Amino acid sequence: MKKSNSSILAAALALPGIISTAQAQVTVPNATLIQFKYLYYRDYQDSGNRITVNSPALYLLAPISDSWVFEIGAVYDNVSGASPYYHSVLSGASGQGIKDGRSQGDLTVTKYFGRTAISARAAYSTEDDYKSISGGLTLRHATPDQNTTFTIGAGYSSDEVSPSDGPVFTRTKTTIDGIVGITQVLGRNDTAQLNFYYAQQRGYLTDPYKALFGVDQRPDHRDQYAAVIRWNHYFDGLKASLRSSYRYYHDDWEISANTVTFEWAQELPYGFTLTPSVRYSTQSAAYFYYDPVYDPVAGRPFPPGYFSNPNGFYSADQRLSAFGAISPGLKIAKSFVGGWSVDAKAEYYEQRADWRLGGEGSPGLEDFKAQLYQFGVSKKF
Amino acid sequence: MASHCEVRVYAADEAAARHWSDAAIAEVRRIETKYSRYRDGSITTAINHAAGGAPMGVDTETASLLDFATNLYQQSDGAFDLTSGVLRRAWDFKARQVPAQAALNKLLSRVGWSKVMWQSPLLQLGAEMEIDFGGIGKEYAADRAAAVVADLGGQHGLINLGGDVRVIGPHADGEPWRIAVQDPRGEQGVTIAYLKVPHGAMATSGDYERYFEHDGRRYSHLLDPRTGWPVEHWRSVSVVAPLAIAAGACATVAMLQPVDSALAFLDQQGVRYLAIDNHGERYAK
């Protein structure tokens, strides 16, 4: 699937614990891990189904020596369905069909120098008319007591979209991003983390497949900033962890978002862990998002004010609107002797304009919903 | 309209397809009737009749188009000008005559959007000035006709008004429309490229629609409203943009600019294009 249209899926996957929270320590893993995950995702509105994604993924982590670790990942996404998000309440018509298969491979090599680890990552992703290469370097360093870990990293990616025959209409997008963070062990049962992210996108930021019947003209640059604070607490008596996080996001498209997440990982007998979770997010609209109200005179497809400002930025992309979203989830995992473990996870997402806090939501949009199911099995050697 | 026009839609049955295309055609006819400079009852004719007289109030739809044209005039440094049509009086493409500079100068005094008083909704043209909606009227009609079909429930199809194409939505199976670009030096129907357009619009402006050759020089119908002379920077410019009105306007303006400034203009507009210059060199983005 195209990176640019997977924000909700990406947000769902960004739950702490799925993308690993930066480890509190810098130590060489001592076991080889093989993991298979299968993800099913679908989003929909009352007027119809939007996108369905089936995505198997394979992951291998292999310590090669005392100080070298290799990680290899392979993902295949099969995306089908209709384009979502665009003023579906007014279009009288839902999506346009899309079908895409994306393959991605990535390789990470980490070299440990005592309490310091340097990781280099490279990834390649391709589908019919789209390809992306990315790479990055991350440095982690722990204090001698291993109670404090600093992380600094930078990445680069280059995406190419060719929505036409031949090479001539290729459009590119480049992203440079960086992270700095600190993880602090606060005691036997508490770990806190603070990370800052910055990303700078340049180039073609309009999704050529998403502009439904309307105008989608976006700036060719976007600067994104985020700060995430996490706190994990382990309750001895309950044998449970509470993982909480708060994320503040702001970009120069004037979207500001606040997200809080809570996960309760409850250990149960027989190696089971049950993890209910809930996430709430609220955001303001991009300055060029327009409500599903068209030019009062000419009507569709002209956004209001288009004739006097045809070079302005306009988008009807629901992801750029003002809304609030709630996402409950439940995960069950079981570990077996011999290094096997299996897990299954379900998550529901619902986005509504009137769930926004701190301001009005964008009017006139249909509620947007998504379901995500994931099954995984892994083996440690 | 004096060009090949088509409505193509996917519908559940013939009756729906007929209903949608009839509605689209009706919208195109409405706009043509309202804005054609050849029709006695059109708003364009009324505006031109009122030239040199008192300011005339126009309806809101016309005001929108005049705002759009004003904007284009400013962005193109005067290359796009609704008042340039009177220059056609000097350039007779049937008689193949190159006019005298004196005749052009006389006409140029009647050309120039800066000489027009436009304060919405009041419009006042100087004496003997004329406007027409070439370059945006047909494209506006394509946008509106596509909206009419979309409002009725059509999701897959396109509106083609003489080569200015507005996509309603991609083919029913989700594949983009492949829109051919005419070879500007080939026979009618010979194409040099296909552009995939799943959404939005494509418009082409070319120097091959009307022209004559005289003393080994080619004179096209593309007249620079600032000089009165035909320009020969480009053979054709095709533009893909979210709206047909934007694609058409960008193509028209680019045709009138030298290569460097035309490309800068198109880049600044953020549109995709395939442009073929006077030597056959292709520029695409």
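Residues numbered from 1 in each chain as written. Chains lettered and ligands numbered in written order. Predicted model: local features only at pLDDT ≥ 70, side-chain atom pairs only at ≥ 80, totals over all residues.

On to the overall build of chain A. Along chain A, the regular secondary structure elements total two helices and 16 strands. A total of 381 residues make up chain A; the buried ones form 35% of that total. Residue pairs at least 24 apart in sequence account for 60% of intrachain contacts in chain A once pairs closer than 6 positions are excluded. (Helix = DSSP H or I, 4+ residues; strand = E, 2+ residues; numbered from the N terminus. Buried ≥ 20, exposed ≤ 12 C-beta atoms within 10 Å, placed from the backbone. Contact = placed C-beta atoms within 7 Å.)

Attention now moves to the sheet that holds strand β2 (residues 56-57) of chain B. Residue and element names in this part refer to chain B. What the three strands build is an open sheet, ordered β2-β4-β3; its pairing is antiparallel. Sheet topology places β2 and β3 (117-119) at the edges, where each strand pairs with a single neighbour. Both β2 and strand β4 (residues 122-124) contribute to a ladder of two bridges, which runs antiparallel. Across the sheet, G57 pairs through a bridge with L122, a residue of β4. (Pairing = 2+ DSSP bridges.)

Residue and element names in this part refer to chain B. What the domain assignment lists for chain B is domain 1 (43-124) and domain 2 (176-284). Put simply, the middle of domain 1 and the middle of domain 2, counted by C-alpha atoms, are 22 Å apart. At the junction of the two partners, domain 1 supplies 18 residues and domain 2 supplies 17 residues. Taken together, the elements giving at least two residues each to the side of domain 1 that touches domain 2 come down to α3 (60-75) and α4 (101-108). A per-element tally of the side of domain 1 that touches domain 2 places α4 first, with three residues. Class assignment of the residues belonging to the side of domain 1 that touches domain 2 gives a composition of 13 nonpolar, three polar and two charged. (Domains from an automatic or database assignment. Nonpolar A, V, L, I, M, F, W, Y, C, P; charged D, E, K, R; others polar.)

Time to look at the pairing of strand β1 (residues 5-9) of chain B. Residues and elements named next belong to chain B. Where burial is concerned, the two faces of β1 differ: the one with C5, V7 and V9 is buried and the one with E6 and R8 is not. Sheet topology places β1 next to strand β5 (residues 157-161); five bridges connect them, and they run antiparallel. Bridged to C5 within β5 is L161.

Our next topic: the packing of helix α6 (residues 244-255) of chain B against helix α7 (residues 259-269) of chain B. Residues and elements named next belong to chain B. It is at 9 Å that the axes of α6 and α7 come closest, and there the two elements cross at 160 degrees. As judged from the angle between their axes, α6 and α7 are roughly antiparallel. Viewed along their axes, α6 and α7 form a crossing whose handedness is right-handed. When α6 is examined against α7, the residues C250, V253 and A254 are found in contact with a partner set consisting of A262, F265, L266 and Q269. (Axes fitted to C-alpha atoms, helices over the stretch in contact; angles between N-to-C directions. Parallel < 35°, antiparallel > 145°, perpendicular 65-115°, else oblique. Left-handed = near helix turned anticlockwise from the far one by under 90°.)

Here we take up the sheet that holds strand β12 (residues 234-241) of chain B. Residue and element names in this part refer to chain B. In spatial order, the strands read β1-β5-β6-β9-β12-β13-β14; together these seven strands make up an open sheet with antiparallel pairing. This sheet does not close on itself; its edge strands, each paired only once, are β1 and β14 (282-284). Each neighbouring strand pair of the sheet contributes to a mean axis angle of 10 degrees, computed without reference to strand direction. Contacts between helix α1 (residues 14-35) and the sheet are confined to β1 and β5, with β1 contributing the most and set at about 145 degrees to the helix.

Attention now moves to the confidence of the model for chain A. Residues and elements named next belong to chain A. Across chain A, the average pLDDT comes to 84, with 84% of residues at 70 or higher. Here helix α2 (residues 88-91) is the element of chain A with the lowest mean pLDDT, 29, and strand β13 (residues 272-283) is the one with the highest, 97. This model gives residues 1-22 a pLDDT under 50, and the stretch forms 44 contacts once residues within four places in sequence are excluded. (pLDDT = per-residue confidence, 0-100.)

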